[in-house]
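Chains, contacts and geometry: an overview
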Amino acid sequence: MVKWTEEERRIIRGVWEKVDIDEIGEELWARALIVYPWIDRYFGSFGDIFTTTAILKNPKLAALGKVVLSALDTAVKNMDNVKAMYAPLSRQHYEKIKVDPDNFRLLAECITITIACKLRAELNPQVQATWQKFLSAVVEAMNSQYK
Amino acid sequence: MTMSLSAKDKATVKAFWAKISSSGEAIGADALSRMLVVYPQTKTYFSHWKDMSPGSAPVKKHGATVMGGVAEAVAKIDDLTAGLLSLSELHAFTLRVDPANFKILSHNILVVLAIMFPTDFTPEVHVAMDKFLAAVARALSEKYR
(Lines give C-alpha, C1' and ligand atoms only; values in the text may rest on other atoms or scores of the structure.)
Protein backbone atom coordinates (compact mmCIF):
# COMPACT_ATOMS: atom_id res chain seq x y z
CA MET A 1 0.00 0.00 0.00
CA VAL A 2 1.27 3.45 -0.86
CA LYS A 3 2.09 5.68 2.11
CA TRP A 4 1.19 9.37 1.98
CA THR A 5 2.51 12.11 4.23
CA GLU A 6 0.19 14.95 5.29
CA GLU A 7 2.20 17.26 3.05
CA GLU A 8 1.72 14.97 0.03
CA ARG A 9 -2.03 14.75 0.65
CA ARG A 10 -2.21 18.53 0.86
CA ILE A 11 -0.27 18.93 -2.38
CA ILE A 12 -2.35 16.40 -4.32
CA ARG A 13 -5.65 17.92 -3.14
CA GLY A 14 -4.22 21.36 -3.97
CA VAL A 15 -3.50 20.33 -7.54
CA TRP A 16 -6.84 18.57 -7.91
CA GLU A 17 -8.99 21.45 -6.71
CA LYS A 18 -7.61 23.53 -9.56
CA VAL A 19 -8.69 20.95 -12.13
CA ASP A 20 -12.05 21.75 -13.72
CA ILE A 21 -13.24 18.26 -14.65
CA ASP A 22 -15.40 19.56 -17.51
CA GLU A 23 -12.69 21.77 -18.99
CA ILE A 24 -9.76 19.37 -18.65
CA GLY A 25 -11.96 16.38 -19.45
CA GLU A 26 -12.75 17.84 -22.86
CA GLU A 27 -9.10 18.29 -23.78
CA LEU A 28 -7.67 15.11 -22.34
CA TRP A 29 -8.51 12.48 -24.97
CA ALA A 30 -7.95 14.95 -27.80
CA ARG A 31 -4.38 15.40 -26.66
CA ALA A 32 -3.90 11.66 -26.13
CA LEU A 33 -5.21 10.73 -29.58
CA ILE A 34 -3.20 13.44 -31.33
CA VAL A 35 0.03 12.63 -29.52
CA TYR A 36 -0.40 8.81 -29.50
CA PRO A 37 -2.62 8.16 -32.52
CA TRP A 38 -2.37 4.37 -32.28
CA ILE A 39 -4.68 4.42 -29.28
CA ASP A 40 -7.55 4.99 -31.70
CA ARG A 41 -7.66 1.20 -31.91
CA TYR A 42 -9.88 1.34 -28.81
CA PHE A 43 -12.25 3.95 -30.19
CA GLY A 44 -14.00 2.12 -33.01
CA SER A 45 -17.43 3.25 -31.87
CA PHE A 46 -16.55 6.92 -31.40
CA GLY A 47 -17.23 8.12 -34.92
CA ASP A 48 -14.82 10.45 -36.65
CA ILE A 49 -11.51 10.63 -34.79
CA PHE A 50 -9.25 10.65 -37.81
CA THR A 51 -8.33 14.28 -38.20
CA THR A 52 -7.23 16.82 -35.63
CA THR A 53 -10.35 18.90 -36.33
CA ALA A 54 -12.66 15.93 -35.82
CA ILE A 55 -10.84 14.85 -32.67
CA LEU A 56 -11.05 18.30 -31.12
CA LYS A 57 -14.83 18.46 -31.45
CA ASN A 58 -15.82 14.85 -30.88
CA PRO A 59 -18.44 14.87 -28.11
CA LYS A 60 -17.90 11.21 -27.16
CA LEU A 61 -14.23 11.90 -26.45
CA ALA A 62 -15.15 14.91 -24.31
CA ALA A 63 -17.64 12.78 -22.39
CA LEU A 64 -15.10 10.02 -21.85
CA GLY A 65 -12.61 12.59 -20.56
CA LYS A 66 -15.04 13.53 -17.83
CA VAL A 67 -15.58 9.85 -16.96
CA VAL A 68 -11.83 9.34 -16.54
CA LEU A 69 -11.40 12.47 -14.42
CA SER A 70 -14.35 11.51 -12.24
CA ALA A 71 -12.60 8.22 -11.57
CA LEU A 72 -9.44 10.16 -10.73
CA ASP A 73 -11.53 12.27 -8.33
CA THR A 74 -12.43 9.04 -6.53
CA ALA A 75 -8.74 8.22 -6.25
CA VAL A 76 -7.93 11.65 -4.80
CA LYS A 77 -10.67 11.18 -2.20
CA ASN A 78 -9.51 7.64 -1.35
CA MET A 79 -5.75 7.88 -1.58
CA ASP A 80 -5.19 5.12 0.98
CA ASN A 81 -7.32 2.66 -0.90
CA VAL A 82 -6.71 3.24 -4.60
CA LYS A 83 -5.68 -0.32 -5.43
CA ALA A 84 -8.82 -1.86 -3.94
CA MET A 85 -11.13 0.81 -5.35
CA TYR A 86 -9.71 0.43 -8.84
CA ALA A 87 -9.67 -3.39 -8.95
CA PRO A 88 -13.02 -3.62 -10.79
CA LEU A 89 -11.91 -0.88 -13.25
CA SER A 90 -8.64 -2.70 -13.84
CA ARG A 91 -10.43 -5.98 -14.48
CA GLN A 92 -12.85 -4.25 -16.86
CA HIS A 93 -10.01 -2.70 -18.86
CA TYR A 94 -8.23 -6.05 -19.02
CA GLU A 95 -11.07 -8.46 -19.71
CA LYS A 96 -13.69 -6.37 -21.49
CA ILE A 97 -12.00 -3.41 -23.17
CA LYS A 98 -8.67 -5.27 -23.53
CA VAL A 99 -6.49 -2.20 -23.19
CA ASP A 100 -2.69 -2.57 -23.31
CA PRO A 101 -1.74 -1.29 -19.85
CA ASP A 102 1.11 0.81 -21.27
CA ASN A 103 -1.69 3.15 -22.31
CA PHE A 104 -2.40 3.99 -18.66
CA ARG A 105 1.12 5.41 -18.47
CA LEU A 106 0.66 7.36 -21.71
CA LEU A 107 -2.65 8.81 -20.53
CA ALA A 108 -1.08 9.75 -17.19
CA GLU A 109 1.61 11.70 -19.07
CA CYS A 110 -1.10 13.53 -21.03
CA ILE A 111 -2.92 14.32 -17.78
CA THR A 112 0.25 15.83 -16.30
CA ILE A 113 0.95 17.93 -19.39
CA THR A 114 -2.64 19.17 -19.62
CA ILE A 115 -2.53 20.12 -15.94
CA ALA A 116 0.87 21.79 -16.49
CA CYS A 117 -0.71 24.06 -19.14
CA LYS A 118 -3.34 25.04 -16.57
CA LEU A 119 -1.35 25.31 -13.34
CA ARG A 120 1.88 26.58 -14.91
CA ALA A 121 4.51 27.62 -12.34
CA GLU A 122 2.29 26.36 -9.50
CA LEU A 123 3.30 22.92 -10.71
CA ASN A 124 6.79 23.42 -9.30
CA PRO A 125 9.27 20.50 -9.15
CA GLN A 126 8.13 19.38 -5.68
CA VAL A 127 4.45 19.52 -6.64
CA GLN A 128 5.21 17.69 -9.90
CA ALA A 129 7.06 14.97 -7.95
CA THR A 130 4.14 14.45 -5.55
CA TRP A 131 1.59 14.50 -8.36
CA GLN A 132 3.72 11.98 -10.27
CA LYS A 133 3.76 9.72 -7.20
CA PHE A 134 -0.04 9.87 -7.08
CA LEU A 135 -0.48 9.14 -10.80
CA SER A 136 2.02 6.28 -10.57
CA ALA A 137 -0.11 4.77 -7.78
CA VAL A 138 -3.20 5.11 -9.99
CA VAL A 139 -1.41 3.55 -12.98
CA GLU A 140 -0.21 0.69 -10.78
CA ALA A 141 -3.75 0.15 -9.51
CA MET A 142 -5.02 0.04 -13.11
CA ASN A 143 -2.36 -2.60 -13.87
CA SER A 144 -3.17 -4.68 -10.80
CA GLN A 145 -5.72 -7.09 -12.30
CA TYR A 146 -3.76 -7.85 -15.45
CA LYS A 147 -2.94 -11.43 -14.58
CA MET B 1 9.48 2.75 -31.89
CA THR B 2 11.31 4.13 -34.88
CA MET B 3 9.04 6.83 -36.25
CA SER B 4 10.71 9.29 -38.59
CA LEU B 5 9.95 12.99 -38.70
CA SER B 6 7.61 14.09 -41.48
CA ALA B 7 8.07 17.39 -43.31
CA LYS B 8 5.17 18.72 -41.23
CA ASP B 9 6.85 17.63 -37.97
CA LYS B 10 10.08 19.38 -38.94
CA ALA B 11 8.27 22.59 -39.92
CA THR B 12 6.30 22.55 -36.65
CA VAL B 13 9.45 22.00 -34.58
CA LYS B 14 11.37 24.77 -36.37
CA ALA B 15 8.50 27.26 -36.04
CA PHE B 16 7.98 26.49 -32.35
CA TRP B 17 11.72 26.59 -31.68
CA ALA B 18 11.95 30.04 -33.26
CA LYS B 19 9.38 31.25 -30.71
CA ILE B 20 11.02 29.66 -27.67
CA SER B 21 14.76 29.57 -28.35
CA SER B 22 15.49 32.80 -26.47
CA SER B 23 14.18 31.00 -23.35
CA GLY B 24 16.45 28.02 -24.01
CA GLU B 25 18.54 28.37 -20.87
CA ALA B 26 15.51 28.79 -18.62
CA ILE B 27 13.81 25.79 -20.21
CA GLY B 28 16.91 23.66 -19.73
CA ALA B 29 17.41 24.69 -16.11
CA ASP B 30 13.77 24.03 -15.22
CA ALA B 31 13.60 20.69 -17.06
CA LEU B 32 16.77 19.45 -15.40
CA SER B 33 15.62 20.68 -11.97
CA ARG B 34 12.39 18.75 -12.34
CA MET B 35 14.09 15.63 -13.61
CA LEU B 36 16.37 15.50 -10.57
CA VAL B 37 13.48 16.01 -8.13
CA VAL B 38 10.77 13.90 -9.79
CA TYR B 39 13.05 11.04 -10.89
CA PRO B 40 15.70 10.92 -8.16
CA GLN B 41 17.46 7.95 -9.78
CA THR B 42 18.84 10.46 -12.33
CA LYS B 43 20.86 12.10 -9.56
CA THR B 44 23.27 9.18 -9.75
CA TYR B 45 24.92 10.85 -12.73
CA PHE B 46 25.62 14.09 -10.91
CA SER B 47 27.24 13.15 -7.62
CA HIS B 48 30.19 15.35 -8.62
CA TRP B 49 28.00 18.45 -8.26
CA LYS B 50 28.03 20.33 -4.97
CA ASP B 51 24.38 21.23 -5.31
CA MET B 52 21.68 19.35 -7.22
CA SER B 53 18.77 21.43 -5.99
CA PRO B 54 16.35 23.15 -8.41
CA GLY B 55 17.86 26.33 -9.84
CA SER B 56 21.34 25.76 -8.42
CA ALA B 57 24.38 26.97 -10.35
CA PRO B 58 25.47 23.55 -11.67
CA VAL B 59 21.86 22.74 -12.68
CA LYS B 60 21.48 26.06 -14.54
CA LYS B 61 24.80 25.65 -16.30
CA HIS B 62 24.07 22.11 -17.37
CA GLY B 63 20.53 22.98 -18.43
CA ALA B 64 22.01 25.57 -20.79
CA THR B 65 24.44 22.97 -22.16
CA VAL B 66 21.66 20.49 -22.81
CA MET B 67 19.46 23.04 -24.57
CA GLY B 68 22.47 24.08 -26.64
CA GLY B 69 22.48 20.49 -27.86
CA VAL B 70 18.75 20.67 -28.62
CA ALA B 71 19.32 23.88 -30.60
CA GLU B 72 22.02 22.11 -32.59
CA ALA B 73 19.60 19.26 -33.22
CA VAL B 74 16.95 21.67 -34.57
CA ALA B 75 19.53 23.10 -36.96
CA LYS B 76 20.50 19.60 -38.11
CA ILE B 77 16.98 18.19 -38.09
CA ASP B 78 17.32 16.79 -41.61
CA ASP B 79 20.07 14.38 -40.56
CA LEU B 80 20.24 13.98 -36.82
CA THR B 81 22.43 10.85 -36.88
CA ALA B 82 25.21 12.59 -38.82
CA GLY B 83 24.65 15.94 -37.18
CA LEU B 84 24.87 14.66 -33.59
CA LEU B 85 27.70 12.17 -34.17
CA SER B 86 30.17 13.66 -31.74
CA LEU B 87 27.47 14.14 -29.09
CA SER B 88 26.53 10.50 -29.57
CA GLU B 89 30.13 9.42 -29.04
CA LEU B 90 30.30 11.59 -25.93
CA HIS B 91 27.18 9.98 -24.44
CA ALA B 92 28.17 6.45 -25.48
CA PHE B 93 31.81 6.33 -24.44
CA THR B 94 32.37 9.07 -21.89
CA LEU B 95 29.09 9.85 -20.15
CA ARG B 96 27.53 6.41 -20.60
CA VAL B 97 24.09 7.67 -19.61
CA ASP B 98 21.56 4.82 -19.71
CA PRO B 99 19.40 5.71 -22.73
CA ALA B 100 16.20 5.21 -20.71
CA ASN B 101 17.03 8.56 -19.14
CA PHE B 102 16.65 10.41 -22.46
CA LYS B 103 12.94 9.64 -22.27
CA ILE B 104 12.76 10.94 -18.72
CA LEU B 105 14.46 14.22 -19.60
CA SER B 106 12.31 14.59 -22.73
CA HIS B 107 9.15 14.26 -20.64
CA ASN B 108 10.35 16.99 -18.31
CA ILE B 109 11.23 19.27 -21.24
CA LEU B 110 7.66 18.80 -22.50
CA VAL B 111 6.23 19.62 -19.05
CA VAL B 112 8.29 22.85 -18.99
CA LEU B 113 7.16 23.78 -22.51
CA ALA B 114 3.53 23.26 -21.42
CA ILE B 115 4.08 25.48 -18.39
CA MET B 116 5.95 28.24 -20.19
CA PHE B 117 4.02 28.27 -23.47
CA PRO B 118 0.53 26.92 -22.68
CA THR B 119 -1.21 28.47 -25.69
CA ASP B 120 1.51 27.59 -28.21
CA PHE B 121 1.99 24.07 -26.89
CA THR B 122 -1.05 22.68 -28.68
CA PRO B 123 -1.51 18.92 -29.11
CA GLU B 124 -0.02 19.19 -32.62
CA VAL B 125 3.08 20.99 -31.34
CA HIS B 126 3.23 18.49 -28.47
CA VAL B 127 3.35 15.48 -30.78
CA ALA B 128 5.93 17.10 -33.10
CA MET B 129 8.20 17.97 -30.16
CA ASP B 130 7.72 14.53 -28.59
CA LYS B 131 8.71 12.85 -31.87
CA PHE B 132 11.63 15.26 -32.32
CA LEU B 133 13.03 14.64 -28.83
CA ALA B 134 12.64 10.89 -29.37
CA ALA B 135 14.56 11.22 -32.66
CA VAL B 136 17.29 13.19 -30.87
CA ALA B 137 17.47 10.47 -28.20
CA ARG B 138 17.82 7.83 -30.92
CA ALA B 139 20.63 9.78 -32.59
CA LEU B 140 22.38 10.13 -29.21
CA SER B 141 22.07 6.36 -28.66
CA GLU B 142 23.58 5.49 -32.06
CA LYS B 143 27.07 4.74 -30.83
CA TYR B 144 26.14 2.83 -27.67
CA ARG B 145 26.54 -0.65 -29.11
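Okay, so let's go over this structure. These numbers were taken from a predicted model, which means no experiment stands behind them.

1. Regarding the interface of chain B and chain A
- Counting residues at the interface gives 24 residues for chain B, matched by 21 residues for chain A.
- Carbon and sulfur atoms supply 66% of the area buried between chain B and chain A, which totals about 1900 Å² over both sides.
- Ranking the residues of chain B by area buried against chain A places Ile115(B), Pro123(B) and His126(B) at the top, with a combined share of 25%.
- In this assembly, chain B and chain A are joined by zero salt bridges.
- Between chain B and chain A we count seven residue pairs in polar contact (both at pLDDT 80 or more) in total.

2. A look at the packing of helix α4 (residues 59-77) of chain A against helix α7 (residues 125-143) of chain A
All names here are of chain A.
- Between α4 and α7, the least distance of the axes is 11 Å, while the angle of their chain directions is 110°. As the angle between them shows, α4 and α7 are arranged roughly perpendicular. Along this stretch, α4 crosses α7, giving a crossing that reads as right-handed. Listed contacts from α7 to Leu-72, Ala-75 and Val-76 of α4 are Phe-134, Leu-135 and Val-138.
- Within the contact of α4 with α7, the residues separate by chemical class into six nonpolar, no polar and no charged.

3. Brief notes about the packing of aromatic side chains
All names here are of chain A.
- Summed over the entire model, instances satisfying the criterion amount to twelve aromatic pairs over all chains.
- Measuring from ring centre to ring centre gives 5.9 Å for Phe-104 and Tyr-146, while their planes differ by 80°; the resulting arrangement is edge-to-face. With Phe-104 in helix α6 (residues 102-119) and Tyr-146 in the segment after α7, this pair connects stretches of sequence that are 42 residues apart. Summarising the burial analysis for this pair, Phe-104 and Tyr-146 share the class buried.
- Put simply, the rings of Trp-4, Trp-16, Trp-131 and Phe-134 touch in pairs and so form one group of aromatic residues.
- Against the face of Tyr-42 rests Arg-41, its NZ or CZ located 5.0 Å from the ring centre.

4. Overview of helix α5 (residues 82-96) of chain A
All names here are of chain A.
- With 15 residues, α5 should reach 21 Å at 1.5 Å per residue; the first-to-last C-alpha distance of 21 Å fits that figure.
- Of all the bends in α5, the greatest, near 40°, is centred on Pro-88.
- Where α5 is buried, its residues contact α4, α6 and α7.
- Positive phi appears at Lys-98, one or two residues downstream of α5, with a value of about 55°.

5. Quick look at the packing of helix α2 (residues 21-35) of chain A against helix α7 (residues 123-141) of chain B
- At their nearest, the axes of α2(A) and α7(B) sit 9 Å apart, and the two run at 35° to each other. Regarding α2(A) and α7(B), the two cross each other, and that crossing is right-handed. Contacts between α2(A) and α7(B) involve Arg31(A), Ile34(A) and Val35(A) from the former and Pro123(B), Glu124(B), His126(B), Val127(B) and Asp130(B) from the latter.

The rules behind the values
Residues numbered from 1 in each chain as written. Chains lettered and ligands numbered in written order. Predicted model: local features only at pLDDT ≥ 70, side-chain atom pairs only at ≥ 80, totals over all residues. Heavy atoms only, no water. Contact = heavy atoms within 4.5 Å. Buried area = accessible area lost by both parts, 1.4 Å probe. Salt bridge = Lys/Arg side-chain N within 4 Å of Asp/Glu carboxyl O. Polar contact = N/O pair within 3.5 Å; in protein donor to acceptor, adjacent residues only side chain to side chain. Axes fitted to C-alpha atoms, helices over the stretch in contact; angles between N-to-C directions. Helix = DSSP H or I, 4+ residues; strand = E, 2+ residues; numbered from the N terminus. Parallel < 35°, antiparallel > 145°, perpendicular 65-115°, else oblique. Left-handed = near helix turned anticlockwise from the far one by under 90°. Nonpolar A, V, L, I, M, F, W, Y, C, P; charged D, E, K, R; others polar. Phe/Tyr/Trp six-rings, centres within 6.5 Å; stacked < 30°, edge-to-face > 60°. Buried < 20%, exposed > 50% of the residue type's maximum accessible area, 1.4 Å probe, protein only. Lys NZ or Arg CZ within 6 Å of the ring centre and 35° of its normal. Expected span 1.5 Å × (residues − 1). Bend = angle between axes of the 7 residues up to and from the residue.

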